[in-house]
Amino acid sequence: MKNELENFFKDKTIDSLEDVNSAMNEFILKSWKDFIHNEISPEHLEAHKYLDKWDKKHNLRDIHKTLEIYPDCFLAKVYLVLDKDRWALIRDLEEMMDQEEKRLYKTGFMKKYRKGLEFTLDGEDYLKGMHELIKAYINIGGFSKAAKLAEKILLLDKTDVLAIRFILAGLYALLEEEDKLMKLYRSRKEKYIPYDLSFMCLYYKRGEFKKAKEYLEFIDKKNPYFISYVEKGLEKEMPKNAKLGEESEAITVMREMDYLIDFTPHIKEFISKRGNV
């Protein structure tokens, strides 16, 4: 699957995160066509139409309609418990993940598609459910458990459609796992801001302020809006599309990696001072 993805991207012009997302969506749709007739039931496809509606309007009726059509829709079950308190949510999601994993193994699904789990609806639902559990653990400071779950997703989802690697980068920074962070960064050969932000926070936490400043300078070169956005301290609405080098990218990165900022005391002040401490 990795080779197929690389070959697909060879003929694509990628200039922004929007281009990346558009190309990935095209690739996923193309891959799904190979599964639709033999691997994805018509009921599950129909159910996901209502699940997509819920994503846009959060109308509970769409969740119930999803489960009415396809009772095994795992992601719909996950969405039903998201409004519980943080502790009940974790308990329920842990139990649900365990039950769903057993179901997938029992049906042979997990074993059969362990190298391309993200390209089927059952696999996509399972991975997104695990993503919600990661966020729940981050919310209580359970960074080690969240990192293990993120690592598991990357083993199942080689192409990383959910971009879990960026979350994992931030978690490694909080855990001060420099070797793991470096290995993750080198495995992708990407030059996106989330990696620089993670390295900056890791070295900052160690008191290696000179190194942290170097990564802040890398960020500033890639996106001149980043430091000024942090300085203003204004919460802006998450943009629908983030373009590299634009303020939309700065907003997206800061919103999606807010856990890293929140659990790295005074890092915003360090950024505002441009590392001159």
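Structure report, in brief. (Residues numbered from 1 in each chain as written. Predicted model: local features only at pLDDT ≥ 70, side-chain atom pairs only at ≥ 80, totals over all residues. Heavy atoms only, no water.)

A count of helices and strands for the protein gives 17 helices and zero strands. By the burial criterion, 46% of the 277 residues in the protein qualify as buried. Partitioning the contacts of the protein with sequence separation of at least 6, the portion at a separation of at least 24 is 57%. Split by element, the accessible area of the protein, about 15,500 Å² in all, is 49% carbon and sulfur. (Helix = DSSP H or I, 4+ residues; strand = E, 2+ residues; numbered from the N terminus. Buried < 20%, exposed > 50% of the residue type's maximum accessible area, 1.4 Å probe, protein only. Contact = heavy atoms within 4.5 Å. Areas by Shrake-Rupley, 256 points an atom, 1.4 Å probe, with all protein chains shown as cover.)

At a minimum axis distance of 10 Å, the contact between helix 6 (residues 86–106) and helix 8 (residues 121–139) shows a crossing angle of 155°. In terms of their interaxial angle, helix 6 and helix 8 are classed as roughly antiparallel. You can see that helix 6 and helix 8 cross each other, and the crossing is left-handed. Judged by residue contacts, Arg86, Leu89, Ile90, Leu93, Glu94, Met97, Glu100, Glu101, Arg103 and Leu104 of helix 6 engage Asp122, Tyr126, Gly129, Met130, Glu132, Leu133, Ala136, Tyr137 and Asn139 from helix 8. Taken together, the residues that form the contact of helix 6 with helix 8 break down as ten nonpolar, two polar and seven charged. (Axes fitted to C-alpha atoms, helices over the stretch in contact; angles between N-to-C directions. Parallel < 35°, antiparallel > 145°, perpendicular 65-115°, else oblique. Left-handed = near helix turned anticlockwise from the far one by under 90°. Nonpolar A, V, L, I, M, F, W, Y, C, P; charged D, E, K, R; others polar.)

Our focus in this paragraph is the packing of aromatic side chains. Going through the model one piece at a time under the given rule, you end up with 13 aromatic pairs. Aromatic side chains tyrosine 204 and phenylalanine 209 sit 5.8 Å apart centroid to centroid with 55° between the ring planes, which places their arrangement in the tilted category. Tyrosine 204 gets classed as buried once you look at its relative accessible area, which sits at 15%. Between phenylalanine 209 and phenylalanine 270, the ring centres sit 6.3 Å apart and the planes meet at 40°, which makes this aromatic pair tilted. Placement of the pair is phenylalanine 209 in helix 13 (residues 209–222) and phenylalanine 270 in helix 17 (residues 267–272), with a sequence separation of 61 residues. Among the residues examined, phenylalanine 270 registers a relative accessible area of 2% and is labelled buried. A network of ring pairs unites the aromatic residues Phe166, Tyr185, Tyr192, Tyr195, Phe199, Tyr203, Tyr215 and Phe218 as a single cluster. A cation over an aromatic ring shows up here: arginine 86 above the ring of tryptophan 87, its NZ or CZ 5.3 Å from the ring centre. Lying across the ring of phenylalanine 166, arginine 165 places its NZ or CZ 4.5 Å from the centre. (Phe/Tyr/Trp six-rings, centres within 6.5 Å; stacked < 30°, edge-to-face > 60°. Lys NZ or Arg CZ within 6 Å of the ring centre and 35° of its normal.)

Looking now at the nonpolar core. The nonpolar side chains of a soluble globular protein tend to be buried with one another. The biggest cluster of nonpolar side chains holds 75 residues, and the ones touching the most others in it are Leu197, Met200 and Phe226. Apart from residues no more than four positions distant in its own chain, methionine 200 is found in contact with Ala212, Tyr215, Leu216, Ile267, Phe270 and Ile271. (Core = buried A, V, L, I, M, F, W, Y, C linked by side-chain atoms within 4.5 Å.)

Once that is clear, we can look at helix 8. Here helix 8 contains 19 residues, and its C-alpha end-to-end distance of 27 Å stays within 8% of the 27 Å for a straight helix at 1.5 Å per residue. Most of helix 8 sits inside the fold, with 16 of its 19 residues counted as buried. (Expected span 1.5 Å × (residues − 1).)

Turning to the side chain of histidine 48, a few remarks are in order. Tracing the backbone shows histidine 48 in helix 3 (residues 42–57). Setting aside anything within four residues of it in sequence, one finds histidine 48 in contact with Cys73, Leu121, Glu124 and Asp125.

Another aspect to go through is the layout of surface pockets. By volume, the second largest pocket is sized at about 200 Å³. If you go around the second largest pocket, you meet eleven residues; those closest to its centre are Tyr229, Glu235, Met254, Arg255 and Lys268. If you list the elements that add at least two residues to the lining of the second largest pocket, you get helix 14 (226–232), helix 15 (247–256) and helix 16 (258–262). If one sorts the elements of the lining of the second largest pocket by residue count, helix 16 sits on top with three residues. Here the residues of the lining of the second largest pocket are counted per class, giving five nonpolar, one polar and five charged. (1 Å grid on protein atoms, 1.4 Å probe; cavity = no way out; pocket = protein on both sides within 12 Å on 5 of 7 lines; lining within 4 Å. Points joined across faces, edges and corners; volume = space filled by probe spheres on them.)

Residues other than glycine seldom take positive phi values, yet alanine 163 does so here, at roughly 60°. Of note, alanine 163 is situated in the loop between helix 9 (143–156) and helix 10 (164–174).

For side chains bearing opposite charge, pairing can occur when the charged atoms are close. According to the stated counting rule, one finds 18 salt bridges in the structure shown. For glutamate 208, the salt bridge goes to lysine 211, with nearest N and O atoms at 3.8 Å. When its relative accessible area of 29% is taken as the criterion, glutamate 208 is described as partly exposed. Overall, lysine 211 belongs to the partly exposed group, its relative accessible area being 35%. (Salt bridge = Lys/Arg side-chain N within 4 Å of Asp/Glu carboxyl O.)

Before going further, it helps to spend a moment on helix 3. Along its 16 residues, helix 3 runs 24 Å from first to last C-alpha, staying within 8% of the 22 Å computed at 1.5 Å per residue. Every buried residue of helix 3 is accounted for by His44, Ala47, His48, Tyr50, Leu51 and Trp54. The buried residues of helix 3 occupy an angular sector of 165° when projected down its axis, which confines them to one face. Facing away from the buried surface of helix 3 by more than 90 degrees, the exposed residues are Pro42, Lys49, Lys56 and Lys57. Buried residues in helix 3 make contact with helix 4 (60–69), helix 5 (74–81) and helix 8. (Arc of directions from axis to C-beta.)

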